[in-house]
Amino acid sequence: MAATLVSRKTDWTGIIFAAVLTLVIVFPLVVVGTWAFTNVWRYPSVIPQEFGLRFWNQTLARADVWSSISTSLTLAFTVTALSAAICLPAAYAFARLDFPGRNLLFFSFLAGHAFPKFGLLVAIAGIFLQLNLIGTFWGVVLIQLVGTLLFMIWIPVAAFQAVDRRMEEAARDVGASPFRVFWSITLPQAGPTIAAAILLSFVGTFYETEGAWLIGAPQVRTLPVLMISFINNQPVIQYGAVLSVLLWVPSFIALLFARKVVNSGSFARGFGG
Amino acid sequence: MSVLKIKDVSKIFPNGTTAVDSFSLDVADGELVCLLGPSGSGKSTLLRMVGGFETPTSGLMTIDGEDITRVPPEKRPTGMVFQSHALWTHMNVFKNLAFGLKLRKVPADEIKRRVEGVLELVGLGGYGTRSVTQLSGGQQQRVALARSLVLEPKILLLDEPFASLDQHLRERLREEVRDIQQRLKITTLFVTHGQDEALSMADRIVVMRDGKTEQIDRPDVVYREPQTPFVAGFIGTMNLIEGVVANGVFSKAGYSTPVPVSDGPVTLAIRPEAVDLTAASQNAHGKVHRVTDYGTHGLVDLELLDGTRMKAMVPHPDLFKPGQGVTLALRAVAAYRDGAVIYRTGVVTPVSHPALVDA
């Protein structure tokens with residue numbers, strides 16, 4: 001009884017938080033979205049003088065935009081696939097095997113995120129320079145792989161650890177080989193959480209900017225890198241705004257996909273929740 | 001059809017704990033043997049070794065004469081039912097049962113026929129398309145049993161299968177499982193720490209303690225003629241009284257009774273149903289502490305003169321009140337010394353009641 005009374009009371013703190021969050025997150029998005037579909041918007045008018053798709057036509061007519069979109073997608077797919085191929089077996093090993101230095105290695109994946117990233121990137125760039133990887137596609141792949149390690153190791157490790165060992169034993173008991181158990185029981189059980197990790201690393205790679213810029217520029221230009229140069233070098237706001245809206249598309253698709261495969265429970269489990 | 005032999009099997013874990021110590025057991029064809037013991041007695045480890053999930057440190061296990069000691073679980077003719085059910089939640093009931101048959105490359109129409117047949121057997125006909133997460137605990141346990149039975153294993157292994165179920169369901173399921181087991185005549189090894197389960201289901205009970213066998217016998221023999229004080233105290237309710245025998249008479253706190261063994265300390269074991277109580281105001285051996293009325297009979301907790309507690313079963317509990325003095329006569333006793341039985345009077349006809357047997 002008491003609980004229902006409490007829950008019916010207006011939660012002012014919650015409303016204030018929601019309002020502030022909405023203001024901080026949604027407002028800039030609305031402004032950028034408006035700019036992307038604006039032909040003319042001069043101070044001090046609150047709404048644009050003229051809406052239109054002029055700058056979409058101009059932006060999409062540029063060859064560098066299209067090549068950067070294809071570069072970004074190719075990079076994101078390559079990095080995610082490589083990361084999955086390397087990290088998932090490693091995560092399984094971390095979750096199930098005990099070997100010397102296991103914990104040290106496990107926590108080493110945090111190191112990439114424990115220090116200021118740009119310093120780390122500059123140091124890596126120095127090494128890549130000697131290896132002639134600067135300005136190459138595979139150089140960018142390597143640097144972005146580093147960024148995905150944390151997600152692609154830690155979340156799948158938690159997912160594999162959450163799989164009931166008795167389920168695997170029951171599968172052995174009815175005649176499944178260890179590999180078949182992994183394929184038919186362990187992977188499907190850990191599947192939704194691993195899908196979440198793959199999704200996160202795909203989206204993360206797609207938006208990754210510093211590494212791509214430092215290692216790839218000017219030969220390899222991803223969409224975010226192109227957007228930065230547009231914002232820095234062009235006096236026209238709309239170019240940046242149009243690219244922002246374009247960049248938003250993959251994460252939107254990813255989110256829709258995420259809603260289908262990932263229920264909140266398994267997602268939380270991935271983070272050890 | 002199938003005989004399981006376990007010979008001198010030991011299991012020492014890497015940390016040095018001896019879970020099972022030179023254990024031997026033969027399970028006859030179609031027999032249901034219960035491994036009964038407290039936590040840590042090694043019964044589950046033993047069952048997991050038979051299933052192939054643990055490797056014995058030494059010893060030999062055979063099924064129908066074939067050595068299975070080092071055979072991986074997927075190649076053993078054993079079927080295990082786990083305490084946690086361990087159903088695959090990403091498959092429906094039908095797929096859970098069909099998985100093992102598919103691995104054996106059984107044709108689809110035969111899979112369908114066999115799965116439906118076994119589901120009928122466990123009382124879940126028509127449940128094939130249900131998700132296992134939609135089932136109740138008892139239904140899940142039936143699916144787990146069906147998943148093992150559908151493969152027609154030579155040996156069925158049950159690892160505390162009813163531990164997660166409530167009392168009523170447990171009693172019903174154990175009758176069902178016993179029925180199915182006897183109908184299929186399947187050789188079964190059953191692990192439990194519940195003595196009621198062991199007494200009601202088993203053809204023979206193996207009482208285990210610290211990885212070793214304390215006693216292997218029929219349930220009624222284990223109950224009436226326990227070979228060690230441990231078994232005496234573990235199965236059913238038992239009064240275990242430490243005392244001294246001198247000149248063939250056992251004495252304890254003013255109470256004495258003839259026990260014709262050599263002089264020395266003994267542990268006297270008396271079932272509550274073998275204690276006759278009489279209300280007495282003078283020369284009492286002790287006094288009533290508490291009276292519990294179970295409807296069919298009563299149980300009197302009494303205190304001897306030195307404070308030793310005993311239980312006595314009485315037909316008319318209303319005759320006794322707390323604080324009242326009583327004299328006692330023992331109709332049947334067993335005496336233990338150095339962990340072995342050294343004397344036993346005639347066996348008492350048990351008027352036991354489930355309430356006394358339940359843990």
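These numbers come from a predicted model, not from an experiment.

A. Broad picture of the pairing of strand 11 (residues 239-246) of chain B. Residue and element names in this part refer to chain B. The pairing of strand 11 with strand 14 (residues 264-270) spans 7 bridges and is antiparallel. Paired with I241 across the strands is L268, a residue of strand 14. Sheet topology note: the strand 11/strand 12 (residues 249-252) ladder contains 3 bridges and is antiparallel. Within the sheet, the bridge partner assigned to A246 lies in strand 12 and is V249. Linking strand 11 to strand 12, which pair antiparallel, is a turn of 2 residues; within it N247 sits at a positive phi near 55°.

B. Seen up close, helix 1 (residues 43-51) of chain B. Counting buried residues along helix 1 of chain B, 9 of its 9 residues qualify, which places the element largely inside the surrounding structure. Immediately downstream of helix 1 of chain B, the backbone of G52(B) shows phi near 100°, a positive value.

C. Spotlight on the sheet that holds strand 11 of chain B. Residue and element names in this part refer to chain B. Read from one edge of the open sheet, 6 strands run 13-12-11-14-20-21, paired in antiparallel fashion. Sheet topology places strand 13 (255-258) and strand 21 (340-344) at the edges, where each strand pairs with a single neighbour. With direction set aside, neighbouring strand axes in the sheet form an average angle of 35°.

D. Spatial organisation of the pairing of strand 7 (residues 155-159) of chain B. Residues and elements named next belong to chain B. Within strand 7, 5 of the 5 residues are buried, which leaves it mostly tucked inside the rest of the structure. Judged by which residues are buried, strand 7 turns out to be covered on both faces: I155, L157 and D159 on one side and L156 and L158 on the other are all buried. Across 4 bridges, strand 6 (residues 78-81) lies against strand 7 in parallel orientation. Considered in strand 7, the bridge of G79 is made with L156. Looking at chain direction, strand 7 and strand 8 (residues 187-192) are connected through 5 bridges and run parallel. Residue pairing for strand 8: D159 is matched across the bridge by V191.

E. The environment of G100(B), seen in detail. Within the secondary structure layout, G100(B) lies in helix 2 (residues 93-103). For G100(B), a count of 23 C-beta atoms within 10 Å translates into the label buried. Taking C-alpha positions, G100(B) is 19 Å from V50(B), a pair spaced 50 residues apart along the chain. The contacts of G100(B), once residues within four sequence positions are left out, are V174(A), G175(A), V150(B) and L151(B).

F. The sheet that holds strand 6 of chain B, seen in detail. Residue and element names in this part refer to chain B. Here we have 6 strands laid out as an open sheet, ordered 6-7-8-3-9-10, and mixed in their pairing. Looking at strand neighbours, the two that pair on one side only are strand 6 and strand 10 (212-217), the edges of this open sheet. Averaged over all pairs of adjacent strands, the angle between strand axes in this sheet comes to 20°, irrespective of strand direction.

G. Summary view of the domain arrangement of chain A. All names here are of chain A. Split by domain assignment, chain A resolves into domain 1 (11-51) and domain 2 (62-270). One C-alpha centre belongs to domain 1, the other to domain 2, and the line joining them spans 31 Å. Taken together, the 5 residues of domain 1 in the interface contact 6 residues of domain 2. Among the elements that take part in the side of domain 1 that touches domain 2, helix 2 (residues 12-36) stands out by supplying 4 residues, more than any other.

Calculation notes
- Residues numbered from 1 in each chain as written.
- Chains lettered and ligands numbered in written order.
- Predicted model: local features only at pLDDT ≥ 70, side-chain atom pairs only at ≥ 80, totals over all residues.
- Pairing = 2+ DSSP bridges.
- Helix = DSSP H or I, 4+ residues; strand = E, 2+ residues; numbered from the N terminus.
- Buried ≥ 20, exposed ≤ 12 C-beta atoms within 10 Å, placed from the backbone.
- Axes fitted to C-alpha atoms, helices over the stretch in contact; angles between N-to-C directions.
- Contact = placed C-beta atoms within 7 Å.
- Domains from an automatic or database assignment.

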